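Secondary and tertiary structure notes
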Amino acid sequence: MDRRRFISTTAKGSIAVSLGIHLVACKSKSRIMKNTPIAICTWAFSKANEAAGKALESGMNALDAAIAGVAVEEENLKNTTVGKGGAPDREGNVTLDACVMDHNGNCGAVVCVEGYTNVAAIAKQVMLQTPHVMLAGEGAQEFAEKQGFKKEQLLTESSENAYREWLKTENYKPIINIENHDTIGMLCMDDNGDIAGACSTSGLSYKMKGRVGDSPIIGAGLFVDNEVGGAAATGMGEEIMKSLGSFLIVELMRNGMSPQAACEEAVLRTVRKNPDHKDFQVAYIAMNKQGETGSYCIHQGFAMMEYREGNNRQISSTSYLND
Ligand code: GLY
């Protein structure tokens, strides 16, 4: 056994002993026998989470399962804040943002992408096929085309009708839990115990042209450190970016907080700094290396999905405000 593998195996062994986790020798590597696989995602995206959970159960790795999970919502025409069918910006263009992060700390992201539905999958290709982490706009689109992704019209008839209605007033005040929700952030733990995640959104409805939120920003919309756990965000991206909420949660977990306590502290940072917090939603989900999960938000109404041991359930989140 080489030195690197010896250290890795020994470290996994000592972590497992301290956590009371049962290790089973599996040919060349140890397998962490927890109640894995686990998939969690923001909001009540039951089908997306189930797709990820079942993919994990079939042996898919955490990153690909998370991408497969978020793809369900990217392709859901009724979801007006993710993928195809997403609400457009003020000029009538649907622009999508996404990022992915794997268990080795590799990541990829795309921002302001028009004409391509599965942006989390494109973000994975940015991670794998380029020397960069993030591609934007036309560059991302040209890259997607070269990678063989299908070009599509993302503005559906119903999103266009809603946009034309909005144009009558052009009143820009996103409605809490309606027009700033539905970003899908997903965290998966596969049967190796590895954690990875994906995050995908069309962002705020009727945003300014070129606006990018937290979802494709590594550390804001999503962060994973396979030694510790992962976190993902939904809600008002401008606020989430100010505290790099997902990174913050992972660091708080590294320092001993549970996923629940870490999500609460991240929300409190925003609440303490911004007296206008009653006017927007910020919500987080998190999972640690032991498979514990948590969620917290400012306003009532947020929920997460959790798939574990073949059971996909919705968990209502506790909130800072009892409104
Ligand atoms: N959280 C999604 C966005 O603000 O774009």
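Structure shown above.
Residues numbered from 1 in each chain as written. Predicted model: local features only at pLDDT ≥ 70, side-chain atom pairs only at ≥ 80, totals over all residues. Heavy atoms only, no water.

**Digging into unusual backbone geometry**
One non-glycine residue, Trp43, lies in positive phi territory at about 65°. Residue placement: Trp43 occurs in the loop between β3 (38–42) and α2 (46–57). For Trp43, a relative accessible area of 6% translates into the label buried. Positive phi is not limited to glycine here, since Glu309 has a value of about 50°. With respect to the helices and strands, Glu309 occurs in the loop between β13 (303–308) and β14 (311–316). (Helix = DSSP H or I, 4+ residues; strand = E, 2+ residues; numbered from the N terminus. Buried < 20%, exposed > 50% of the residue type's maximum accessible area, 1.4 Å probe, protein only.)

**So, a negative patch on the surface**
On the surface, a cluster of negative charge is made up of Glu114, Glu138, Glu142 and Glu145. Positionally, Glu138 belongs in helix α5 (residues 137–146). Here Glu138 falls in the exposed class, since its relative accessible area comes to 60%. (Patch = residues over 30% accessible without salt bridge, like charges linked within 9 Å, V, L, I, M, F, W, Y side chains within 5 Å. Areas by Shrake-Rupley, 256 points an atom, 1.4 Å probe, with all protein chains shown as cover. Salt bridge = Lys/Arg side-chain N within 4 Å of Asp/Glu carboxyl O. Lys, Arg positive; Asp, Glu negative; His and termini not counted. Charge placed at Lys NZ, Arg CZ, Asp CG, Glu CD.)

**Considering the site of the ligand**
In the neighbourhood of the ligand, the contacting residues comprise Thr183, Thr201, Gly203, Arg211, Gly213, Asp214, Ser215, Gly235 and Gly237. Separating a nitrogen atom of the ligand from a side-chain N or O atom of Thr183 is a distance of 3.5 Å. Note that an oxygen atom of the ligand is positioned 2.9 Å from one of the backbone N or O atoms of Gly237. Here the shell around the ligand is built from residues that sort into no nonpolar, seven polar and two charged. (Near = heavy atom within 4 Å. Polar contact = N/O pair within 3.5 Å; in protein donor to acceptor, adjacent residues only side chain to side chain. Nonpolar A, V, L, I, M, F, W, Y, C, P; charged D, E, K, R; others polar.)

**What about the nonpolar core?**
In this structure, Met186, Cys188, Ile249 and Tyr284 are the most contacted members of the largest nonpolar core, which totals 87 residues. Sorting elements by how many residues they give to this core places helix α4 (residues 119–129) first, with seven residues. (Core = buried A, V, L, I, M, F, W, Y, C linked by side-chain atoms within 4.5 Å.)

**What to know about the pairing of strand β8 (residues 195–201)**
In terms of burial, β8 is a largely internal element, seven of the seven residues being buried. Residues Ile195, Gly197, Cys199 and Thr201 line one face of β8 and the alternating positions Ala196, Ala198 and Ser200 line the opposite face, and both faces are buried. Pairing of strand β4 (residues 96–101) with β8, which is carried by five bridges, proceeds in the antiparallel orientation. Among the inter-strand pairings, Ala98 is bridged to a residue of β8, identified as Ser200. As paired strands, strand β7 (residues 184–189) and β8 are joined by six bridges and run antiparallel to one another. When the sheet's bridge partners are listed, Met186 is paired in β8 with Ala198. Between β7 and β8, which pair antiparallel one after the other, the connecting turn spans five residues, and Gly193 there sits at a positive phi close to 85°. (Pairing = 2+ DSSP bridges.)

**Brief notes about the sheet that holds β8**
The pairing of strands in a sheet happens through backbone hydrogen bonds and is either parallel or antiparallel. The mixed open sheet is built from eight strands, whose spatial order is β6-β5-β4-β8-β7-β3-β13-β14. Among the strands making up the open sheet, the edge pair consists of β6 (134–136) and β14. Each strand of the sheet is rotated relative to its neighbour by a mean of 10°, with strand direction disregarded. Here β3 runs beside β13; their pairing, made up of five bridges, is antiparallel. Directly across from Thr42, in β13, lies its bridge partner Met304. In the packing of α5 onto the sheet, contacts are made with β5 (107–113) and β6, and the angle to β6 comes to roughly 105°. (Axes fitted to C-alpha atoms, helices over the stretch in contact; angles between N-to-C directions. Contact = heavy atoms within 4.5 Å.)

**Let's talk about helix α8 (residues 245–254)**
Structurally, the α-helix is built with 3.6 residues per turn, so residues lying three or four positions apart point the same way. With seven of ten residues buried, α8 is to be regarded as a mostly interior element. Within the sequence span of α8, burial applies to Gly245, Ser246, Leu248, Ile249, Val250, Leu252 and Met253. Tucked inside the fold, the buried residues of α8 contact β9 (222–225), β10 (229–235), α7 (237–243), α9 (259–273) and β11 (282–288). Remark: Gly256 follows α8 within two positions and exhibits a positive phi of approximately 110°.

**Remarks on the packing of helix α3 (residues 62–74) against α4**
Relative orientation and spacing of two packed helices are given, respectively, by the angle between their axes and the distance between those axes. For the pair α3 and α4, interaxial distance at closest approach is 8 Å and the crossing angle is 145°. On α4, the residues that touch Leu63, Asp64, Ile67, Val70 and Glu74 of α3 are Val119, Ala120, Ala121, Lys124 and Met127. Its residues assigned to classes, the contact of α3 with α4 shows seven nonpolar, no polar and three charged.

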